[in-house]
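Single-letter residue listing:
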Amino acid sequence: MTDALRTVLTAVAADPARRPLLVALDFDGTLAPLQDDPSTSRILPAGVEVLARLSQTPGVALALVSGRAMHDLHVLAHVPEGTFLIGSHGAERARVTTFGLDRDVVQLTDEQADRLASLGAEAARIARGRDGVWVETKPTAVVVHTRLAEAVDAEPAEREAITLGERLGSGVLHGKDVVEISVLRASKGEALAALRDELAAPVVLYAGDDVTDEHAFEALHDDDVTVKVGHGTTIARYRVDDPEELVAALAALADQL
């Protein structure tokens, strides 16, 4: 953790006027190391512990903000009760309770449902015959994954998916080895801003590793704490090398709170 990040976390923890503090975090590549098989992703054990500590701290609200479908995020995340889950880049939202998820219901129009079906069929065509390219269908979107593919297959698949999205989608997100085509307009930034307003949180700490997390960084204020995990161009003010370093920073914050 850099001295600059340590200093700002100390200042946030010491100031009661900065409550409630919203700690919002991406999942893959941020709390969970990236995996070739997304179904094997898990939050680092130390991350599970620190999120539990933060959830028990008065004046702190927790949220995971992910591109994953809500069901997958809930199954894999292992987060404490009360945590807000924002899935599908903002198209889905829920809160973890004792009895499962308290979901905000997402309903598609007939036209959107038809477009989603068409997207799934055409995305399957893009993946067909290309080793390592596969398609995921979410409640509001279709995703073309290329993490397991060689460049000779991945690059044309991503180009074709972007073209498909421009023709049939309402929004196209091109992240690390993925192209997501949604039939609803949503972004991590819009969802995060809405949650912040709902909680009346004067300060947000947001950490993420992907291109799509830049939308969240853009939606935040000068007094917020934005943390890029890993390498790459970013507008975030602070940076850590990997999920292990981020979890250590969160533990330091929990200690001071």
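The preceding data block contains the structure.
A brief look at the structure comes next. Quantities reported herein were computed from a predicted structural model and do not represent experimental measurements. Here, residues in each chain are numbered from 1, in the same order as that chain's written sequence. Confidence filtering applies because this is a predicted model: local features only for residues at pLDDT of at least 70, side-chain atom pairs given and counted only at 80 or more, and all residues used for totals across whole chains, interfaces and linings. The side-chain quantities take in all heavy atoms of the structure and omit both hydrogens and water.

1. So, the pattern of salt bridges
- Salt-bridge detection follows one rule: a side-chain nitrogen of Lys or Arg within 4 Å of a carboxyl oxygen of Asp or Glu. What the rule picks out here adds up to 18 salt bridges.
- Here Arg 93 ties to Asp 104 by a salt bridge, and the two come within 3.4 Å at their closest N and O atoms. Note that Arg 93 is positioned in strand β4 (residues 92-97) and Asp 104 in strand β5 (residues 100-104), a separation of eleven residues in sequence.
- The salt bridge involving Arg 147 is made with Asp 177; its shortest N-O contact spans 3.5 Å. Taken as a pair, Arg 147 in the loop between β7 (141-145) and α5 (151-168) and Asp 177 in the loop between β8 (171-175) and β9 (178-182) lie far apart in primary sequence, 30 residues in all.
- Partly exposed residues are those whose accessible area sits between 20% and 50% of the maximum for their type, while under 20% is buried and over 50% is exposed, using a 1.4 Å probe and protein chains only. The class of Asp 177 is partly exposed, set by a relative accessible area of 30%.
- Linked through salt bridges whose partners overlap, the residues forming this network are Asp 26, Lys 188 and Asp 213. Runs of E in the DSSP output that reach at least two residues are strands. Runs of H or I that reach at least four are helices, and both are numbered from the N terminus.

2. Focus on the layout of surface pockets
- Approximately 550 Å³ is the volume attributed to the largest pocket.
- In this structure, the largest pocket is lined by 31 residues; those nearest its centre are Asp 28, Pro 38, Arg 68, His 145 and Val 178.
- Amino acid classes used here: Ala, Val, Leu, Ile, Met, Phe, Trp, Tyr, Cys and Pro are nonpolar; Asp, Glu, Lys and Arg are charged; the rest, including Gly, are polar. Looking at the lining of the largest pocket residue by residue, the classes come out as seven nonpolar, eight polar and 16 charged.
- Reported here for the second largest pocket is a volume of approximately 180 Å³.
- In terms of lining, the second largest pocket is formed by 14 residues, of which the most central are Gly 171, Leu 173, Arg 185, Ala 186 and Ser 187.
- Mapped by element, the contributors of at least two residues to the lining of the second largest pocket are β8 and β9. Of the grid points, spaced at 1 Å and generated over the protein atoms alone, those admitting a 1.4 Å probe that cannot get out make up cavities, while open sets with protein on both sides within 12 Å along at least five of seven lines make up pockets; any residue with an atom within 4 Å of a point is treated as lining. Grid points are joined across faces, edges and corners, and a volume is the space filled by probe spheres set on the points.

3. Section: the sheet that holds strand β3 (residues 84-87)
- A sheet is described by the order of its strands in space; here eight strands give the open sequence β5-β4-β3-β2-β1-β10-β11-β12, paired in mixed fashion. In this open sheet, the two edge strands, each paired with only one partner strand, are β5 and β12 (238-240). Strand-to-strand, the axes of this sheet are offset by a mean angle of 20°, without reference to chain direction.
- Strand contacts of helix α8 (residues 243-256): β1 (21-25), β10 (203-208), β11 (225-229) and β12, with the helix running at about 165° to β1, the strand carrying the most contacts. A pair of strands counts as paired when DSSP detects no fewer than two bridges linking them. Helix axes are fitted only over the stretch in contact, all axes being lines through C-alpha atoms; the angle between N-to-C directions runs from 0 to 180 degrees. Residue contacts are defined here by distance: any two heavy atoms, one from each residue, within 4.5 Å place the two residues in contact.

4. As for the nonpolar core
- In this structure, Leu 5, Val 23, Leu 25, Leu 64 and Val 225 are the most contacted members of the largest nonpolar core, which totals 41 residues.
- If you tally residues by element for this core, the top one is α8, at six residues.
- Excluding its chain neighbours within four sequence positions, the residues that come into contact with Val 225 are Leu 5, Val 8, Leu 9, Val 12, Val 204, Leu 205, Tyr 206 and Tyr 238. Here, nonpolar core means buried Ala, Val, Leu, Ile, Met, Phe, Trp, Tyr and Cys residues that are tied together by side-chain atoms lying within 4.5 Å of each other.

5. Focus: unusual backbone geometry
- Residues Arg 19 and Pro 20 are joined by a peptide bond in cis, for which omega reads -5°.
- Take Pro 20: it is sitting in the loop between α1 (3-14) and β1.
- Residue His 78 is not a glycine yet carries a positive backbone phi of 55°.
- With respect to the helices and strands, the residue His 78 is situated in the loop between α3 (70-77) and β3.

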